[in-house]
Amino acid sequence: MEVAANCSLRVKRPLLDPRFEGYKLSLEPLPCYQLELDAAVAEVKLRDDQYTLEHMHAFGMYNYLHCDSWYQDSVYYIDNLGRIMNLTVMLDTALGKPREVFRLPTDLTAYDNRLCASMHFTSSTLVTLSDGTGRLYVIGTGERGSSTSEKWEIVFNEELGNPFIIIHSISLLKAEEHSVAALLLRIEKDELDMKGSGFYVSLEWVTVSKKTKDNVKYEITKRDILHGKSVPHYAAVEPSGNGLMIISYKSFKFVRMSQEFEENTDEDVSEKNKEPLYYWQQTEDDLTVTIQLPEDISKEDIQVGFLPDHINIVLKNLQVLEGKLYSCIDHESSTWIIKENNSLEISLIKKNEGLPWPEVVVNDRRGKLLRDPAQCAAIAERLVHLTSEELNPNPDKEKPPCNAQELEECDIFFEESSSLCRFDGSTLKSTHVVNLGSNQYLFSVIVDPKEMPCFCLRHDVDALLWQPHSSKHDDMWEHIATFNALGYVQASKRDKKFFTCAPNYSYAALCECVRHVFIYRQPAPMSTVLYNRKEGRHVGQVAKQQVASLETNDPILGFQATNERLFVLTTKNLFLIKVNTEN
């Protein structure tokens, strides 16, 4: 059994600025242009049965404005007439009206249980589209940057079950076969799940293909489904189509298409009702693992193998326990014996004395930890200074109690930490896992449309941008940019809705639910001389913060950034904010 490699993200120290002094509010006006829409945006509000936090994350916070990363300053939205509308900006002072490029063939008003229509720009000539009713379209667009060759035509159209939204897609050309792979997200109900709301998240990885030589239609060639309990922050298929990456709070796992989810649920319930495979205890120096043996087993039927970070237990040619240990052991001193009660007792000597193990084998949940009452009492004694019925009874003693009121809101993270997982497309198993811990997920952005989308994480007070490289298995995630102190600053924006940055990293921007847009620029040289009196030195660069207020009280439904402009979509208007001037 292959175990996923535990990886870490390598920060590039030259991209950090420990002397960053903060953002300075600039009152320089930002040119803002407003376009009134012919028809309102096709917003779909949450129904009464879509009441969970996952529904809000997936559908209630959906970004209705789509940026074509293959062509600069070109954005799209879908209106309530079923039209895909496009605005391509050439000159800010000569903005035209958004133009219709395609009309959905279905009457969306006839469906009561639909989701919002969604789209993704697969390549420079292809778009994947969902009308929100459960139908997937692949559309050939021609060269979208050219008015003469651009023509939107359906090349694939099929019903795929329950309604979904598209979160990512890629185009592949392999061995004279062209394929389009898309990731579809659903939130579905499991009637047999009596815990919590009963909803779960389904990610479907669907591939449609056709031979390039033959003039045949696209057909579905692959459908794989992952299930999880939380909406992923980030999910994307690798450019090669060989795997996908997911950032989420709760882990995802593949389920076979031939199996119904109810069958998997029954299996999970039966697994939970089974007796633990083994029991284990630990001290500061060692661990003791106990496995109950079958009645008719002899010593010759037992094989126990130790390596410094690995264990393998075989009973009667059947592998019972195998995998990577949580930490290293002294494999030469570790032993096993058969006890009088017909149980196998394994003694593992810890290499790192005093390190508590949360599990014996990584990601193995079949064992049960037996806690020693004396150990529990000792741990409680060591932690007693962290709790008190009084707010701060004696702050001057050697170990003062923790005072939560001294924490700022931006220092508090979610109780559960996110993880970044890479899944192999052929084995459908995770190959790389990064525990993000307190590195809070902030946003994703497409820097290069031929690569996977980048994701931005909070590291201490900064916001770091990471570019996945699926071909580099030893260094799969590259730190490409830093937004100084932005991790700290964004935490104070309690009403923020969308968060993004320019593809060239020149600025980051976030917007609130209504009206306000905040822009944070990278440090730039000053035209005038500033002097820091406290440190007695000249200030060569200043990072500016700017605020734009939209002249509307309609809720913001979409938000996209290009190198020069910010596009903000409301129910009835499209706003364009000129951020940078092209050099």
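Bear in mind the structure is a predicted one, so any value in this text is a computation, not a measurement.

Reading the values: the criteria
- Residues numbered from 1 in each chain as written.
- Predicted model: local features only at pLDDT ≥ 70, side-chain atom pairs only at ≥ 80, totals over all residues.
- Heavy atoms only, no water.
- Pairing = 2+ DSSP bridges.
- Helix = DSSP H or I, 4+ residues; strand = E, 2+ residues; numbered from the N terminus.
- Axes fitted to C-alpha atoms, helices over the stretch in contact; angles between N-to-C directions.
- Salt bridge = Lys/Arg side-chain N within 4 Å of Asp/Glu carboxyl O.
- Buried < 20%, exposed > 50% of the residue type's maximum accessible area, 1.4 Å probe, protein only.
- Polar contact = N/O pair within 3.5 Å; in protein donor to acceptor, adjacent residues only side chain to side chain.
- Contact = heavy atoms within 4.5 Å.
- Disulfide = S-S within 2.5 Å.
- Phe/Tyr/Trp six-rings, centres within 6.5 Å; stacked < 30°, edge-to-face > 60°.
- Lys NZ or Arg CZ within 6 Å of the ring centre and 35° of its normal.
- pLDDT = per-residue confidence, 0-100.
- Arc of directions from axis to C-beta.

Draft legend 1. Just the sheet that holds strand β3 (residues 32-36), in detail. One open sheet holds the four strands; their spatial order is β3-β40-β39-β38, and the pairing between them is antiparallel. The sheet is open, and its two borders are formed by β3 and β38 (556-561), each paired with just one other strand. Taken over all neighbouring pairs, the strand axes of this sheet differ in orientation by 15 degrees on average, direction set aside. Judged from the five bridges that link them, β38 and strand β39 (residues 565-570) form a sheet pairing that is antiparallel. Considered in β39, the bridge of isoleucine 556 is made with threonine 570.

Draft legend 2. Quick look at the pattern of salt bridges. Evaluation of the coordinates by the stated rule reveals 22 salt bridges. Taking the shortest distance from any N to any O, the salt bridge between aspartate 49 and arginine 47 comes out at 3.2 Å. Its relative accessible area of 41% is what places aspartate 49 among the partly exposed residues. In this structure, a network of salt bridges that share partners links the residues Asp73, Glu564, Arg565 and Lys578.

Draft legend 3. Examining unusual backbone geometry more closely. A positive phi is found at asparagine 363, a non-glycine position, where the angle reads about 65 degrees. With respect to the element layout, asparagine 363 can be found in the loop between β25 (343-349) and β26 (367-369). Although it is not a glycine, alanine 485 adopts a positive phi angle of roughly 60 degrees. As for its position among the elements, alanine 485 is in the loop between β32 (477-483) and α4 (486-490).

Draft legend 4. Highlighting the sheet that holds strand β8 (residues 118-121). The four strands lie next to each other as β8-β9-β10-β11, forming an open sheet whose pairing is antiparallel. Both edges of this open sheet fall to β8 and β11 (153-159), since each of them pairs with a single strand only. Across this sheet, the average inter-strand angle for adjacent strands is 15 degrees, counted without regard to direction. When strand β9 (residues 126-130) meets strand β10 (residues 135-140), the two strands line up antiparallel, connected through five bridges. From the neighbouring strand, threonine 128 faces β10, where its bridge partner is valine 138.

Draft legend 5. Region of interest: the side chain of histidine 479. Relative to the helices and strands, histidine 479 resides in strand β32. Among the polar contacts listed, one links the side chain of histidine 479 to the backbone oxygen of alanine 481, at a separation of 3.2 Å. Ignoring any residue separated from it by four or fewer positions in sequence, one finds histidine 479 in contact with Arg10, Val11, Lys12, Leu15, Leu16, Leu464, Leu465 and Trp466.

Draft legend 6. How the structure looks around the state of the cysteines. One pass over the structure, following the stated rule, counts zero disulfides. In this model cysteine 511 remains outside any disulfide bridge; the closest cysteine sulfur is found in cysteine 513, 7.8 Å from its own.

Draft legend 7. Focus on the environment of glutamine 490. If you trace the backbone, glutamine 490 turns up in helix α4. Residue classification places glutamine 490 among the buried residues on the basis of a relative accessible area of 1%. Between the alpha carbons of glutamine 490 and alanine 463 there is a distance of 9.4 Å; along the sequence they are 27 residues apart. Apart from residues no more than four positions distant in its own chain, glutamine 490 is found in contact with Gln440, Leu442, Lys496, Phe499 and Leu510.

Draft legend 8. Looking closely at the pairing of β39. Along β39, six of the six residues are buried, which leaves the element largely enclosed by surrounding structure. Burial of the side chains of β39 extends over both faces: Arg565, Phe567 and Leu569 are buried on one face and Leu566, Val568 and Thr570 on the other. Hairpin connection between β38 and β39: a loop of three residues separates the two successive antiparallel strands. Here five bridges tie β39 to strand β40 (residues 573-578), and the two strands are oriented antiparallel to one another. In the strand pairing of β40, leucine 566 is matched with isoleucine 577. Between the antiparallel neighbours β39 and β40 lie two residues.

Draft legend 9. Just the packing of aromatic side chains, in detail. All told, the structure shown has 11 aromatic pairs when counted by the stated rule. For the ring pair tyrosine 23 and tyrosine 520, a centre distance of 5.2 Å and an interplane angle of 70 degrees mean the geometry is edge-to-face. In this pair, tyrosine 23 is assigned in strand β2 (residues 23-25) and tyrosine 520 in strand β35 (residues 516-521), connecting sequence segments 497 residues apart. Note on accessibility: tyrosine 23 and tyrosine 520 belong to one class, buried. Summarising the aromatic geometry, the rings of tyrosine 51 and phenylalanine 199 are spaced 5.7 Å apart at their centres and angled 75 degrees between planes, so their arrangement reads as edge-to-face. A residue pair is termed long-range when its members are at least 10 positions apart, and tyrosine 51 in the loop between β3 and α1 (53-60) and phenylalanine 199 in strand β14 (residues 199-211) qualify at 148 residues. Above the plane of the ring of tryptophan 205 lies lysine 222, whose end atom (NZ or CZ) is 4.3 Å from the centre.

Draft legend 10. Layout of the confidence of the model for the protein chain. On average, residues of the protein chain score 85 in pLDDT, and 85% of them are at 70 or above. In the model of the protein chain, helix α2 (residues 261-273) stands out as the element of lowest mean pLDDT, 46, in contrast to strand β16 (residues 234-237), which has the highest, 96. Confidence drops under pLDDT 50 across residues 258-269; counting only partners more than four residues distant or on other chains, this segment forms 10 contacts.

Draft legend 11. How the structure looks around the environment of tyrosine 234. Take tyrosine 234: it is sitting in strand β16. With relative accessibility at 3%, the residue tyrosine 234 sits in the buried group. Sequence separation of tyrosine 234 and serine 248 is 14 residues, and the distance between their C-alpha atoms is 7.1 Å. When near neighbours in sequence (up to four residues on either side) are disregarded, tyrosine 234 contacts Met245, Ile246, Ile247, Tyr441, Ser444, Met452, Pro453, Cys454, Phe455 and Pro468. Reaching out from tyrosine 234, the side chain makes a polar contact with the backbone oxygen of proline 453 at a distance of 2.6 Å.

Draft legend 12. Fine view of α1. Within the sequence span of α1, burial applies to Glu54, His55, Ala58 and Phe59. The buried residues of α1 occupy an angular sector of 95 degrees when the element is viewed end-on, so they sit on one face.

Draft legend 13. Summary view of the environment of threonine 128. Relative to the elements of secondary structure, threonine 128 occurs in strand β9. Judged by its relative accessible area of 0%, threonine 128 is buried. In this structure the C-alpha to C-alpha distance between threonine 128 and isoleucine 170, which are 42 residues apart in sequence, comes to 9.2 Å. When residues no more than four places from it in sequence are discounted, the contact partners of threonine 128 are Ser118, Met119, His120, Thr122, Tyr137, Val138, Ile166, Ser169 and Val180. For threonine 128, the side chain forms a polar contact with the side chain of serine 169, separated by 3.1 Å.

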